[in-house]
Each structure stands twice: as structure tokens, then as C-alpha cells.
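Understanding the architecture of this molecule
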There are 2 protein chains.
Amino acid sequence: MPQFRAFTPEELKFIASFKIGELNAETGTVVLQEGAHNAHLYTLLSGWAFRYKTLEDGRRQILNYMLPGDLLGLQGSVIGDMEHSVEALSPVVLCVFRRDKLDELFRNHPGLGFDIAWLASREERMLDEHLLSIGRRSALERAAYLLAFLHKRAEAVQASKGELIVLPISQLHVADTLGLSIVHTNKTLRKLADRGLIRWLDRTCRVLDVAGLMELAGWEGPSERRRPLI
Amino acid sequence: MPQFRAFTPEELKFIASFKIGELNAETGTVVLQEGAHNAHLYTLLSGWAFRYKTLEDGRRQILNYMLPGDLLGLQGSVIGDMEHSVEALSPVVLCVFRRDKLDELFRNHPGLGFDIAWLASREERMLDEHLLSIGRRSALERAAYLLAFLHKRAEAVQASKGELIVLPISQLHVADTLGLSIVHTNKTLRKLADRGLIRWLDRTCRVLDVAGLMELAGWEGPSERRRPLI
DNA sequence: CGTCAGTTTGACACGAATCAAAGTGAGTGG
DNA sequence: CCACTCACTTTGATTCGTGTCAAACTGACG
């Protein structure tokens with residue numbers, strides 16, 4: 001159950017003035033290209049997406065996944081060009097901010113400025129976890145961590161609590177997130193499925209036993225406090 | 001040559017009011033412990049440090065290195081407990097902020113608030129690069145990337161341009177950053193040394209050929225625009 | 001019916017971990 | 001001054017995890 005903080009009327013008005021429109025991305029559509037001089041900052045309102053980087057020869061590393069409430073393109077907004085690419089995993093609705101209004105946001109809406117810092121620091125924490133995982137966990141532990149992580153995230157933004165949680169990713173996504181080959185990823189996921197921890201169906205994953213995954217990975221889970229939505 | 005932005009007099013006064021004192025950490029001293037409820041936000045004024053996380057069984061992953069101008073403990077300040085540990089690589093001087101003044105900072109000093117977001121987003125970009133490196137580069141490429149990266153960072157904060165740049169890290173640090181074993185790290189660094197790209201001396205590293213390292217790693221280098229110091 | 005993305009499996013190769021052991025130099029205490 | 005320890009570096013032998021290659025299977029789609 002996400003805890004959305006209440007916005008002041010002025011903040012809401014400011015936010016509304018930037019919602020240029022809705023971008024409805026088809027599954028798999030490239031939303032934002034690495035290197036593009038992108039003058040906008042986005043908030044994901046609904047859907048799943050992921051950020052990634054590639055080496056010249058095509059090797060791809062998925063950096064993190066984006067769920068509703070996540071900020072997108074902050075780096076582009078604050079620093080300059082986008083340093084990574086973004087792709088949608090499901091139809092996505094974005095809220096668009098103009099970058100050149102960022103100064104105004106910090107000046108006139110310090111609460112929103114703080115939220116941006118909060119979101120950036122939360123993203124940092126997730127990346128820290130991913131680094132630990134890729135750097136020091138075995139393939140099986142990594143896979144367990146990733147699926148537990150995504151399940152927890154999905155759970156946190158799930159509107160209706162009863163609804164079945166499905167992770168809309170393919171094994172190729174898992175491979176590119178964990179830094180493994182597809183073949184080995186498949187064999188690893190098979191082991192998890194054989195242990196009854198997950199089930200793979202239709203290029204989606206269902207987590208059957210989050211606690212089991214977390215124990216296998218040695219992961220404590222996220223420790224969130226407050227959760228703004230902008 | 002770092003580009004420090006100019007602070008307004010009010011900002012300077014505000015900053016000065018939080019410089020509680022100097023922490024002079026001996027080399028290798030643990031400055032901040034993971035999990036500690038740390039009520040402060042730090043800025044590194046001089047020296048080198050690094051952030052890391054560990055698994056229960058002791059496996060350690062270094063997340064990033066901290067050089068003068070870097071923010072430290074933002075996660076703890078904005079979110080709650082520290083999620084990682086920090087250790088100094090050389091005597092370090094920190095500027096200490098009280099966390100409970102963070103709201104005031106965003107409210108009364110939007111420029112500084114923006115700087116914090118800027119720094120957070122820069123850290124995010126560095127973590128992105130590290131993820132790509134650990135996930136998808138070979139051992140040799142990873143090592144080349146890391147040393148080029150650190151050399152560039154050191155160069156950027158180096159006061160006198162003529163001075164010889166030395167990276168104050170041991171091979172164990174390199175191993176724990178790259179997600180490799182010490183033994184293999186040693187063999188990998190040896191290859192770089194044999195190619196004349198680096199020289200290892202006295203638990204420090206000297207980069208002899210940054211361009212060579214960058215080419216080997218397929219790394220373009222950082223693309224910084226503006227650089228605040230807070 | 002063919003194509004194509006995604007999943008699955010087996011055989012083999014290779015990169016990196018592990019094991020073992022020794023060398024170096026700084027620091028310490030006798 | 002020497003002997004000792006300790007952190008760090010180095011090297012070789014061997015093992016093991018993961019990558020690569022190859023091929024087949026599935027279901028969606030045109």
C-alpha cells in the first residue's frame with residue numbers, strides 16, 4: 001500500500017500546468033533514446049518501463065525498472081543529455097514536465113523539490129542494491145533477488161490488494177538485468193521454478209513464494225518510510 | 001578543472017552555520033556504519049572515501065568512491081537509516097549538516113536544494129555506469145574502466161594541474177569494486193601494467209595512459225556540465 | 001504455412017574462483 | 001638491530017560457474 005503524501009493546492013496547480021498530455025506507448029516501444037537532448041522530466045503514472053545502457057557492440061545492461069510514481073529523465077533534466085535509454089514493458093502513461101521550469105519548481109515549490117531529491121535518493125538506494133547483487137551474488141541468488149525485488153515493488157503500487165501480481169518481463173530482460181547470458185538465465189530460472197518459488201508463463205513471471213526468494217538471496221527487502229508522488 | 005558555482009552571501013551563511021567541525025579520519029577508519037541511524041548529511045571537503053555494502057557472509061561490494069565536493073549520507077538524511085557503510089581511503093575532512101534542517105534548506109535556499117538534486121542525479125549516473133561495467137564488461141575492460149573513471153574524477157578535483165595523480169586504493173578495493181576475486185584482479189591489473197597503461201606502487205595506482213584505458217573499456221568518459229559545491 | 005520472438009536443452013569451452021604458497025615492505029616489540 | 005607479524009601483492013595448479021554454440025520446441029501472428 002503506497003503512502004501518497006497530500007499536495008497543497010498550489011502544488012497541484014503547478015503540477016497540472018505541466019501535464020502536457022499522455023504518451024501511450026505500445027509494449028516494447030522505445031520511449032526515450034540515449035543521447036537525445038531531452039528537455040523533459042517525466043513521472044510514470046501507470047505501466048512498467050525500464051532504463052538501460054548499451055556498449056558499442058550491443059551488450060545491454062538494464063539498470064532499473066520503473067513503476068508508477070517513479071521519476072524518469074531526472075539526469076537529463078538536471079545534467080544534460082540522457083545517459084541511458086528507456087523502454088516500456090506495458091502501455092505507459094507519463095506526466096511530462098518541462099525541464100526549463102525546474103528552477104521555478106525548486107524556487108516556488110520547495111516541497112516538490114524535496115520530493116525530487118527524495119526520489120533520486122531512493123533510486124540511488126535501488127541501484128546500490130543492484131550493484132551488490134550483480135557484483136557479489138551467484139546467478140541463482142541474483143535471480144531470486146531480482147524477482148523478489150520486482151514483486152515487492154509491484155505490490156507497493158498495486159491498486160487493489162487482492163489482484164494477482166504478474167511481472168511483465170521476458171527472460172531476456174532478466175538476463176540483461178543480472179548480467180548473465182540468456183541460456184544460463186533460463187537454466188537458473190528453471191531451478192527457481194523447480195523449487196516452487198516462481199512460475200513462468202507467457203513471457204511473464206509470477207512469484208509464488210517471495211519469502212523463499214528473499215531468503216535464498218539473503219535480501220532483507222526494502223525499508224521505505226514515506227512516499228511522495230509527483 | 002572543476003567549475004564551482006558562486007554562492008550567494010545568504011547561502012554561504014547558511015552553509016557555515018552547519019559546519020559543526022572537522023572529522024579527521026585516519027586511513028581505513030570506518031566513518032559511518034551501515035544501519036546506523038545517522039542524523040547528518042555530509043559533504044566531503046578533502047580526501048578520498050568509498051561507500052560499500054556487504055552480504056551476511058562477508059562478501060563486500062564497493063558502490064562508489066567519494067571525492068571532494070561529493071555528498072555523503074543523503075539517503076540517510078532523506079529516507080532514514082544509512083543503507084551502506086563508508087570508509088576513508090585517506091585523511092578526510094567533512095562538512096556536517098543536520099538532517100532536521102533539510103526542510104529549511106529546501107524552503108529557504110532553493111539553489112542549494114537544486115544542487116542536492118543535481119549531486120544525487122550525478123551519483124545516479126555514476127552508478128549507472130558501474131552497473132553497465134560490472135554487468136556486461138569483461139574483467140580486463142572493467143578494470144580499465146574503473147581506473148580511467150577514478151583518474152578522471154581525481155583530475156577534476158585536483159587543485160594544482162601539474163601534480164601527479166595517484167589513486168589511493170589497494171587491489172582489494174579494485175576487486176571489491178569490480179566484483180572479482182583478489183587473485184584474478186591481480187592478474188588482470190598485471191596485464192594492464194604489462195601493456196604500459198598503469199603502474200602499481202605502494203598500494204596506490206598511477207594511470208599512465210588514460211586514453212588507452214578508455215579505449216580498452218569502450219568508455220567515452222564523463223560529460224559534466226556545471227558543478228556545484230555545497 | 002512460414003516466420004519470428006521467446007523458451008528449453010545438451011555439449012563443450014573458457015573465464016574467473018579457489019586453493020596453495022611464497023614474496024614484499026612497513027611496523028612492532030624484544 | 002633483529003625477529004616477528006601483518007597487510008598486501010604475486011604466481012601456479014586446479015576447479016567450477018557461466019558463456020557459447022547448436023538445435024529444437026512453443027505459441028502468436030500474418
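This write-up is about the structure you can find in this document.

Criteria and thresholds
- The residue count restarts for each chain, going from 1 along the sequence in the order it is written.
- Just so you know, chain letters begin at A and ligand numbers begin at 1, following the order they were written in.
- Selection of residues for local features in this predicted model requires a pLDDT of at least 70, selection of side-chain atom pairs for listing and counting requires 80 or more, and totals for whole chains, interfaces and linings are taken over all residues.
- To get the side-chain values, take all heavy atoms of the structure and skip hydrogens and water.
- Per the convention used, a helix needs a DSSP run of H or I reaching at least four residues, while a strand needs a run of E reaching at least two, with both numbered from the N terminus.
- The contact criterion used throughout is that any non-hydrogen atoms of two residues lie within 4.5 Å.
- Values of accessible area rely on a 1.4 Å probe in the Shrake-Rupley scheme; residue burial ignores everything except the protein chains shown.
- When we say a residue is near a molecule or strand, we mean one of its heavy atoms is within 4 Å of it.
- Polar contact is the term for a pair of N or O atoms within 3.5 Å; when the atoms are in protein, one must be able to donate a hydrogen and the other to accept it, and sequence-neighboring residues count only if both atoms are side-chain atoms.
- All amino acids are sorted into three groups, where Ala, Val, Leu, Ile, Met, Phe, Trp, Tyr, Cys and Pro are nonpolar, Asp, Glu, Lys and Arg are charged, and the leftover types, Gly among them, are polar.
- Buried area: the accessible surface (1.4 Å probe) lost by two parts on joining, summed over both.
- Put simply, a salt bridge is a Lys or Arg side-chain nitrogen that is within 4 Å of an Asp or Glu carboxyl oxygen.
- Copies are brought into register by a least-squares superposition over C-alpha atoms of residues with pLDDT of at least 70 in both.
- For two strands to be treated as a pair, DSSP must find at least two bridges joining them.

Comments concerning the overall build of chain A
Of regular secondary structure, chain A possesses eight helices and nine strands. If you take every contact in chain A between residues at least 6 apart in sequence, the share linking residues at least 24 apart comes to 73%. Put simply, chain A shows about 9600 Å² of open surface, and 52% of that area lies on carbon and sulfur atoms.

Quick look at the protein's contact with DNA strand C
Taken together, 16 residues lie around DNA strand C, and Q171, N186, R190 and W200 of chain A together with S181 of chain B are the ones closest in. The sugar-phosphate backbone supplies 69% of the atoms of DNA strand C found within 4 Å of the protein. Between DNA strand C and the protein, one listed contact pairs a phosphate oxygen with a side-chain N or O atom of W200 of chain A at 2.8 Å. If you list the elements that add at least two residues to the surface near DNA strand C, you get α6 (171–178) and α7 (182–194) of chain A together with α7 (182–194) of chain B. Per element, the largest residue contribution to the surface near DNA strand C is four residues, and it comes from α7 of chain A. Here the residues of the surface near DNA strand C sort into six nonpolar, seven polar and three charged.

Section: the interface of chain B and chain A
Taken together, the 53 residues of chain B in the interface contact 53 residues of chain A. When chain B packs against chain A, close to 4900 Å² is buried across both sides, 62% of that on carbon and sulfur atoms. Across the pair D176 of chain A and R136 of chain B runs a salt bridge whose closest N-O atoms are separated by 2.6 Å. For the pair chain B and chain A, the number of links is 14 residue pairs in polar contact (both at pLDDT 80 or more). Every element with two or more residues in the side of chain B that touches chain A is listed here: β3 (49–54), β4 (60–66), α2 (74–78), α3 (102–108), α4 (110–136) and α6 (171–178) of chain B. The greatest single-element share of the side of chain B that touches chain A, amounting to 21 residues, is contributed by α4 of chain B. Of the residues assigned to the side of chain B that touches chain A, the class counts are 19 nonpolar, 13 polar and 21 charged.

Quick notes on the relation of the copies chain B and chain A
Aligned on chain A, chain B shows an RMSD of 0.0 Å; the corresponding rotation is 180 degrees and the shift along the axis is 0.0 Å. Both copies of the chain, as the preceding transformation shows, are related through a two-fold rotation axis. The position closest to the rotation axis in chain B is occupied by the C-alpha of A117 of chain B, lying 2.5 Å away. A high fraction, 100%, of the interface residues of chain B reappear at the interface in chain A, so the copies pair face to face through one surface.

Here's the deal with the sheet that holds strand β5 (residues 71–72) of chain B
Residues and elements named next belong to chain B. With respect to topology, three strands assemble into an open sheet ordered β5-β2-β7, the strand pairing being antiparallel. At either end of the open sheet lies a strand with only one pairing partner, and these are β5 and β7 (93–98). Examined bridge by bridge, strand β2 (residues 40–46) and β7 share six bridges and lie antiparallel to one another. Counted as the bridge partner of L44 is L94 from β7.

Some thoughts on the protein's contact with DNA strand D
Surrounding DNA strand D, one finds 16 residues, the nearest of these being S181 of chain A together with Q171, N186, R190 and W200 of chain B. Close to the protein, within 4 Å, the atoms of DNA strand D are drawn from sugar and phosphate at a rate of 68%. One of the backbone N or O atoms of S181 of chain A is found 3.1 Å from a phosphate oxygen in DNA strand D. For DNA strand D, a base nitrogen lies 3.3 Å from a polar atom in the side chain of K187 of chain B. For the surface near DNA strand D, the secondary structure elements donating two or more residues are α7 of chain A together with α6 and α7 of chain B. By residue number, the principal contributor to the surface near DNA strand D is α7 of chain B, which donates four residues. Residue composition of the surface near DNA strand D, grouped by class: six nonpolar, seven polar and three charged.

Considerations on the side chain of E141 of chain B
With respect to the element layout, E141 of chain B can be found in helix α5 (residues 139–157). Among the polar contacts made by the side chain of E141 of chain B, one reaches the side chain of R59 of chain A at a distance of 3.0 Å. Those residues within four positions of E141 of chain B in sequence are excluded, and the remaining contacts are R59 of chain A together with L216 and A217 of chain B.

Nothing here speaks to function; it is geometry throughout.
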